[in-house]
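Survey of secondary and tertiary structure
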Amino acid sequence: QVTLVESGGGLVQAGESLRLSCAASGSILGVNVWGWYRRAPGQQRVLVATIDNGGITKYVDSVRGRFTISRDNAEKTVYLQMDSLKPEDTAVYYCNAYYVPSRRYFWGQGTQVTVSS
């Protein structure tokens, strides 16, 4: 069992930065892909960024160049550094871990990010 807890969200002005953290408890052996998703009001949850155990990262076009996903295996924590934030980045951000042996996704509770104009 893997438990994920997000933190670091808040209210900021456009152009400012935030760093989200996703702390995992339990064994992360078997997790090969970590991701950040977001769900804006009235919209579907969409994938924002992923990082695999080889360190390969992927980003949705709308955040590429502004967001950076990283991980610290020793701390069992995944981060999302968000720079040059825009109002359209406003959403609840969720951490996700894909557990290969059971083909199961684990989710955190989400953290709210609000960007004002």
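All residue numbers here refer to positions counted from 1 along the written sequence of the relevant chain. With the structure being a predicted model, the display of local features is reserved for residues of pLDDT at least 70 and the display and counting of side-chain atom pairs for 80 or more, all residues being used for whole-chain, interface and lining totals. Computation of side-chain values: all heavy atoms of the structure, hydrogens and water removed.

1. What to know about unusual backbone geometry
Leave glycine aside and you will find that most residues have negative phi; peptide bonds, for their part, are mostly trans. Positive phi, normally seen in glycine, also occurs at Ser84, with a value near 50°. Working definition: helices are DSSP H or I runs of at least four residues, strands are E runs of at least two. Numbering for both runs from the N terminus. The residue Ser84 is located in the loop between strand E8 (77-82) and strand E9 (91-99) in this model.

2. Description of the pairing of E8
Across the six residues that make up E8, a large majority, five, are buried. The criterion for strand pairing is that DSSP finds at least two bridges linking the strands in question. Bridge count for strand E7 (residues 67-72) against E8 is six bridges, and the pairing is antiparallel. Following the sheet pairing, Thr68 is matched in E8 by Gln81. Taking the residues that link successive antiparallel strands as the turn, the E7-E8 hairpin has four residues, and the phi of Lys76 there is positive, at about 55°. Burial classification: accessible surface area is computed with a 1.4 Å probe over protein chains only, and a residue below 20% of its type maximum counts as buried, one above 50% as exposed, and the rest as partly exposed.

3. Observations regarding the sheet that holds strand E1 (residues 3-7)
Strand order in the open sheet formed by four strands is E1-E3-E8-E7, and the pairing between neighbours is antiparallel. The open sheet has two edge strands, E1 and E7, and neither has a second partner. Ignoring which end each strand starts from, the neighbouring axes of this sheet average 15° apart. Working convention: axes come from line fits to C-alpha atoms, limited for helices to the stretch in contact. Angles between N-to-C directions cover 0 to 180 degrees.

Just distances and angles here, no functional claims.
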